[in-house]
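Each chain, written out:
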Amino acid sequence: MRAASPKLARCARRFSGPVAVSVLLAWCTGTAPLAVASGSQLAKVADTPLPGPVGRFDYATQDARTGFLWLNQMGADRALVFDPKTRHLVGVVSGLRTPTGITLASERRLAFISSVGDRFPRIAGPGGVDVIDIDTRKLLIRAPAGRFPDGSVWVPGAGRLFVSNELGGTETVIGGDPVRTLHSIGLGGQAGMSAYDPISRRVLINVQTRGEIVAVDPHTLKIVSRITLPPACRHNHGLLVDT
């Protein structure tokens, strides 16, 4: 694997202020893969066929309790639940609408699946987040989430999901009991990925058309700071917080 490009290295920064001891990695257009740590080796373990038509997969995540992988099969309007130990499919969630992002709140046994609504290339919404019972894999509620809901992050301490409404330029907040759409935060540009920093206790959101990361208080739902990325970091979409 190639070493990380200088552009990616310039986009990985240690910030002061609201994310004092966290390192942010913002994935930008044109960056190369990260380098493998010295002495480590990566090898292909298995290639497992999955059912359904040939088409795009999008986000995937893992259930901390069962170890099962949840994979959004965007091209088939469904999510697959896969056991990586047995390498067998253990469940299917059907009836989705071009699913993109997926986040699990394992402690509450809820899966949140962003569904755009219309298929590519004409995506006009209205989009939503399908809230699924992890164990029964049944739809509980469909919460409105703007024009193009994409990636999301769950904040356990607040009991809230933060969803990037990419084309709408907002962050949709979902939570409560019963679960519902609570709020929409204007970002001033297209929303990229979101991540939670447990050190600063802030939700960090890429504003990919402004070259910024905004920090949001998950309790007050207010933007508390804006971080300007280096000029080399263009269209910052992916985001990882390494604490």
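Refer to the structure presented above.
Residues numbered from 1 in each chain as written. Predicted model: local features only at pLDDT ≥ 70, side-chain atom pairs only at ≥ 80, totals over all residues. Heavy atoms only, no water.

1. Some words on the pattern of salt bridges
So, point 1. Across all of its chains, the model carries eight salt bridges by this definition.
So, point 2. The closest approach of N and O atoms between Asp58 and Arg56, which form a salt bridge, is 3.4 Å.
So, point 3. Its relative accessible area of 24% is what places Asp58 among the partly exposed residues.
So, point 4. Residue Asp217 is joined to Arg202 by a salt bridge in which the shortest nitrogen-to-oxygen separation is 3.6 Å. Of this pair, Asp217 sits in the loop between strand S17 (212-216) and strand S18 (223-228) while Arg202 sits in strand S16 (residues 202-207), placing them 15 residues apart in sequence.
So, point 5. Shared partners join several salt bridges into a network, and the residues in it are Asp63, Arg109 and Asp135. (Salt bridge = Lys/Arg side-chain N within 4 Å of Asp/Glu carboxyl O. Buried < 20%, exposed > 50% of the residue type's maximum accessible area, 1.4 Å probe, protein only. Helix = DSSP H or I, 4+ residues; strand = E, 2+ residues; numbered from the N terminus.)

2. Describing the side chain of Thr103
So, point 1. On the secondary structure map, Thr103 appears in strand S7 (residues 99-105).
So, point 2. For Thr103, a relative accessible area of 10% puts it in the buried group.
So, point 3. Within polar-contact distance, the side chain of Thr103 engages the side chain of Ser152 at 2.7 Å.
So, point 4. Those residues in contact with Thr103, other than ones at most four positions away along the chain, are Leu110, Ala111, Phe112, Ser152, Val153, Trp154 and Leu161. (Polar contact = N/O pair within 3.5 Å; in protein donor to acceptor, adjacent residues only side chain to side chain. Contact = heavy atoms within 4.5 Å.)

3. Focus: the packing of aromatic side chains
So, point 1. Overall, the coordinates contain one aromatic pair when judged by the stated rule.
So, point 2. With a centroid separation of 5.4 Å and 20 degrees between ring planes, the pair formed by Phe112 and Trp154 is classed as stacked. Of this pair, Phe112 sits in strand S8 (residues 110-115) while Trp154 sits in strand S11 (residues 149-155), and the two are 42 residues apart along the sequence. Trp154 carries the same exposure label as Phe112, and that label is buried. (Phe/Tyr/Trp six-rings, centres within 6.5 Å; stacked < 30°, edge-to-face > 60°.)

4. Considering the pairing of strand S13 (residues 170-175)
So, point 1. Counting buried positions over the six residues of S13 gives six, a clear majority of the element.
So, point 2. A two-sided burial pattern is seen for S13, the buried positions comprising Thr170, Thr172 and Ile174 on one face and Glu171, Val173 and Gly175 on the other.
So, point 3. As judged from the six bridges shared by strand S12 (residues 160-165) and S13, these two strands associate in the antiparallel manner. Note that in S13 the partner of Asn165 across the bridge is Thr170.
So, point 4. Following S12, the chain reverses through four residues before pairing antiparallel with S13; Gly169 in that reversal takes a positive phi of roughly 70 degrees.
So, point 5. Sheet analysis places S13 next to strand S14 (residues 180-186), joined by six bridges and oriented antiparallel. Counterpart to Glu171 in the pairing with S14 is Ile185. (Pairing = 2+ DSSP bridges.)

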